[in-house]
Amino acid sequence: MSQNALDLFSARFGSAVLATGNSHGDEWARVDGSHIAEMARFLKQDAGLQMQLLVDLTCVDYAQFDPSAPLALDAADRFEVIYVFGSVTLHHRLRLKVRVGGGAPAVPSITDVYRTANWWERLVWDFYGVRFDGHPDLRRILTYDSFEGHPLRKDYPIHKRQPLTSERGVQDLVRGPGPGQSNLHAPMSQRPGARPNTRSDAYD
Amino acid sequence: MANFHLEQRPKTPPPPVDDALSTEQEMPTEPMQVNLGPSHPATHGTVRIVAELDGEVITKADVEIGYLHRGFEKSAENATWAQVLPYTDRLNYVSPLCNNVGYVMAVEKLLGIKDPERSQYIRVIASEISRITDHLTCVGAMGLELGGFAPFIFAIEARELLWDRIAELTGARMTTAYTRIGGVANDIPPGWADKLKATLVRVAEMREECDKLLSKNRIFVDRVRGTGIISAEEALDFGFTGPCLRACGVDYDVRKAHPYLVYDRLDFVVPLGTAGDNYERYLVRLEEMRQSERIILQALDQMPEGPVIVDDWRIALPPKPAVYGSIEGAMAHFKLVMQGVQVPAGEVYQYTEGANGELGFYLVSNGAGKPYRCHVRAPGFPILSALEHLITGKMLADLIPTFDSINMIGGEVEQ
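What you are looking at is a predicted structure, and each value in this text was computed from that prediction instead of being measured.

Regarding the overall build of chain A
Counting its secondary structure elements, chain A contains three helices and seven strands. Secondary structure of chain A in N-to-C order comes out as α-β-β-α-β-β-β-β-α-β. Split into buried and exposed, the 204 residues of chain A put 35% on the buried side. A separation of at least 24 residues holds for 50% of the contacts in chain A among residues at least 6 apart in sequence.

Shown next, in the form of structure tokens:
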């Protein structure tokens, strides 16, 4: 359906395109991440592609994927960042995939090319801990600043709990001073008379 | 004071009226921070906007989301393919059937199957009812938050009538979980089609009432026309889809551009705007409701008889007599409930036209009964990311209509 777009793209970026394919009717290309900004600019501006829309940007953690399965990645490339581009005039689509791994996975940001990438990249950083180099404002987006870890990584336990907000030492006119002088602001589990929390994974 | 003579009056002339502004400008001012939300009476949705004001002009805005985050994607990775379905109701909770349809279509694409024709028509009807309820909510709430209570009452009553029909069809008003992998849960009840047609007549009356109350209302129009403008290029740059993009004049509707289900057999028009302001986003939604009504009526007439779910016991639950009457049926039922549908390994991105734009599901399967990865491309997420751009440099009062017309739904944006 979008084979023409894939051919145009592959012809332009010969060696940076590592693999191409068609899965269930969607054309995809696995590419070298260091060229992603240049590729996005080409997709957007080329007259034959006209992909004005960055439809989606997400990430997959392949840490627990069955190694014999066709999609499995090398242990060094744990994450795969997925970009879906689309054209509203020519009605074709292309999916780019970038593998990253290592202790501090990072790919170049494409915020300069598509402004919508700003929030999507923040979302991927928040949930997977994949950095986007050159992002103007790489903050967490759905969780909060003091949140520890990246919840959609496969090694993040589903039942793990974290305190919802960090305690602030604010003087409260009604309830008195903040933590340190009174334990009224302490989490329920740490107040006097609280039942011990028997769940092993709570607040760990 | 009794001996006050004209001569005694101060000789200096009073300052001219125009000077009032210049003296105000000379007064020492400092930017003020206003915190709107996460729960604010003039907005719907849990979003916090920290706006920095210079007078009444927003000079800087920070849009903070995440107050309604429930971890849809993490939950989906730990549930079977069928168990994810009820979670999708809670994404866009005013048009849950669109989400149901979008999700099962993604799983079906991964499985390489198609649902029966009758089921496809039922899915279209269900999606379009949901689209009407979503737009009614947006239009009604927009009227309410700009000071008109009556349109809200009409819109909500119309929405309730449609939700009654949805309740008859699915068993629930909002948490529908109606579709199944390979079809829908049950056929339409007897006599339901006629009731739906009668309801649509009443809904149309109330929709036109809303139109009359708002579209030419000076108070409403003054606040929405020419505010929250975004150009077509910028809208595409920000990843807009759906009514917000079409209000800028971009003719892009997934139902027309990439027809799915039976949309290519149905006759409808995609309404387009030109200015891309709040007023046109409102007008586009109003017109889309009329088109959805046309789609439903055509689909009801065209709908063929037949099964509503595939006859494959590896995918769809066997009929109850087979479960209780045969060992094969009992085993198929047990395996589907305990292990889930076995979806072959692969990855897929499937997109449909949700009420607010393109609703996409990116699924990865490792061949087991659970999704390895389930990502939802919520239409509201990119649109909300443009809110900062839409309101910066504009008046504080324009924030409310702008936030209303983009129709941010916390459930889908914050997953």
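Anyway, onward from the coordinates.
Here's the deal with the overall build of chain B
Within chain B, the secondary structure is distributed over 18 helices and eight strands. With respect to the three principal axes, the spread of C-alpha positions in chain B is 115 × 45 × 40 Å. Of all 415 residues assigned to chain B, the portion counted as buried reaches 51%. Partitioning the intrachain contacts of chain B with sequence separation of at least 6 by distance along the chain shows that 71% fall at a separation of at least 24.

A closer look at the interface of chain A and chain B
Between chain A and chain B, the contact holds 31 residues from the first and 37 residues from the second. Residue assignment for the side of chain A that touches chain B shows that the elements contributing at least two residues are β3 (53–61), β4 (79–86) and α3 (117–128) of chain A. Looking at which element gives the most residues to the side of chain A that touches chain B, the answer is β3 of chain A, with six residues.

As for the sheet that holds strand β2 (residues 48–54) of chain B
Residue and element names in this part refer to chain B. Spatially, β1-β2-β3 is the arrangement adopted by the three strands of the open sheet, whose pairing is antiparallel. Taken across any chain shown, the strands that pair with only one partner, and hence form the sheet edges, are β1 (32–36) and β3 (57–64). If you compare each strand with its neighbour and ignore which way they point, the axes differ by 20° on average. In terms of strand pairing, β1 meets β2 through five bridges, oriented antiparallel. When the bridges of β2 are listed, Asn 35 appears paired with Val 50.

Thoughts on the nonpolar core
The nonpolar side chains of a soluble globular protein tend to be buried with one another. Among the nonpolar cores identified, the biggest contains 167 residues, and Val 81 and Val 124 of chain A together with Val 107 of chain B are the most heavily contacted of them. Ranked by residues supplied to this core, first place goes to helix α5 (residues 117–145) of chain B with twelve residues. What Val 124 of chain A contacts, discounting residues up to four positions off in sequence, is Leu 57, Thr 58, Cys 59, Val 81 and Val 130 of chain A.

Observations concerning the packing of helix α4 (residues 96–111) of chain B against α5 of chain B
Relative placement of two packed helices is described by the angle separating their axes and the distance separating the axes. Residue and element names in this part refer to chain B. Contact geometry of α4 with α5 gives a least axis separation of 7 Å together with a crossing angle of 140°. Taken together, α4 and α5 sit at an angle that is classed as oblique. The residues of α5 that touch α4, namely those facing Pro 96, Leu 97, Cys 98 and Val 101, are Arg 123, Ala 126, Ser 127, Ile 129, Ser 130 and Arg 131. Grouping the amino acids of the contact of α4 with α5 by side-chain chemistry returns six nonpolar, two polar and two charged.

Concerning the pairing of strand β6 (residues 346–354) of chain B
For β6 of chain B, a buried count of eight out of nine residues is recorded, marking the element as mostly surrounded by other parts of the structure. Adjacent in sequence and paired antiparallel, β6 of chain B and strand β7 (residues 357–365) of chain B are bridged by two residues.

What about the confidence of the model for chain B?
Residue and element names in this part refer to chain B. Chain-level statistics for chain B give a pLDDT mean of 86 and a share of 93% at 70 or above. Counting contacts from residues 1–6, a segment whose pLDDT is below 50, to residues more than four positions away or on other chains yields zero contacts. Two numbers describe this predicted complex: its pTM, 0.83, and its ipTM, 0.82.

Observations regarding unusual backbone geometry
The backbone phi angle of His 91 of chain A is positive, close to 60°, even though this residue is not glycine. Within the secondary structure, His 91 of chain A is located in the loop between β4 and β5 (93–100). Owing to 15 C-beta atoms within 10 Å, His 91 of chain A belongs among the partly exposed residues under this scheme. Although it is not a glycine, Leu 261 of chain B sits at a positive phi angle of roughly 45°. Locating Leu 261 of chain B in the fold gives a position in the loop between α11 (254–257) and α12 (278–302).

Points about the environment of Arg 123 of chain B
By the secondary structure assignment, Arg 123 of chain B is in helix α5. Put simply, Arg 123 of chain B and Cys 98 of chain B are 25 residues apart on the chain and 8.5 Å apart in space, counted from C-alpha to C-alpha.

Quick notes on the sheet that holds strand β1 (residues 17–23) of chain A
Residue and element names in this part refer to chain A. Strand order in the open sheet formed by five strands is β1-β2-β5-β4-β3, and the pairing between neighbours is mixed. Lying at the two open borders of the sheet, with one neighbouring strand each, are β1 and β3. Each strand of the sheet is rotated relative to its neighbour by a mean of 20°, with strand direction disregarded. With eight bridges connecting them, β4 and β5 associate as antiparallel partners. Counterpart to Tyr 83 in the pairing with β5 is Leu 96.

Notes on helix α14 (residues 327–339) of chain B
Given a rise of 1.5 Å per residue, 13 residues ought to cover 18 Å, and the 17 Å separating the end C-alpha atoms of α14 of chain B matches this to within 8%. Phi turns positive, to about 85°, at Gly 340 of chain B, one or two residues after α14 of chain B.

A closer look at the packing of helix α6 (residues 149–170) of chain B against helix α7 (residues 192–214) of chain B
All names here are of chain B. Two elements in contact, α6 and α7, have axes whose closest approach is 9 Å; the angle formed by their N-to-C orientations is 165°. Relative to α7, α6 is oriented roughly antiparallel. The handedness of the crossing between α6 and α7 is left-handed. Judged by residue contacts, Ala 150, Pro 151, Phe 154, Ala 155, Glu 157, Ala 158, Leu 161, Leu 162, Arg 165, Glu 168 and Leu 169 of α6 engage Trp 192, Lys 195, Leu 196, Thr 199, Arg 202, Val 203, Met 206, Arg 207, Glu 209, Cys 210, Leu 213 and Leu 214 from α7. In terms of residue class, the contact of α6 with α7 is made up of 15 nonpolar, one polar and seven charged.

Criteria and thresholds
- Counting of residues starts from 1 at the beginning of each chain's written sequence and follows it residue by residue.
- Chain labels run from A onward and ligand labels from 1 onward, assigned in the order the entries are written.
- In keeping with the predicted nature of the model, local features appear solely for residues at pLDDT of at least 70, side-chain atom pairs appear and are counted solely at 80 or more, and the whole-chain, interface and lining totals rest on all residues.
- Helix numbers and strand numbers start at the N terminus; a helix is a DSSP run of H or I with at least 4 residues, a strand a run of E with at least 2.
- Whether a residue is buried, exposed or partly exposed follows from its count of other C-beta atoms within 10 Å of its own C-beta, namely 20 or more, 12 or fewer, or something in between, respectively; the C-beta atoms are built from the backbone.
- Residues are scored as being in contact if the C-beta atoms we place from backbone atoms lie within 7 Å.
- In this scheme, strands are said to pair when DSSP sees at least two bridges between them.
- Interaxial angles span 0 to 180 degrees and are taken between N-to-C directions of axes, which are lines fitted to C-alpha atoms, for helices over the stretch in contact.
- Take the buried Ala, Val, Leu, Ile, Met, Phe, Trp, Tyr and Cys residues, join any whose C-beta atoms are within 7 Å, and the set you get is a nonpolar core.
- Should an angle lie under 35 degrees it is considered roughly parallel, over 145 roughly antiparallel, and from 65 to 115 roughly perpendicular; all remaining angles are considered oblique.
- Throughout, the ten residues Ala, Val, Leu, Ile, Met, Phe, Trp, Tyr, Cys and Pro are labelled nonpolar, Asp, Glu, Lys and Arg are labelled charged, and all others, Gly among them, are labelled polar.
- Confidence of the prediction at every residue is given by pLDDT, a number between 0 and 100.
- Working rule for helices: expected span equals 1.5 Å times residues minus one.
- Helix crossings are classified by the rotation of the near helix relative to the far one: an anticlockwise turn of less than a right angle makes the crossing left-handed, while a clockwise turn makes it right-handed.

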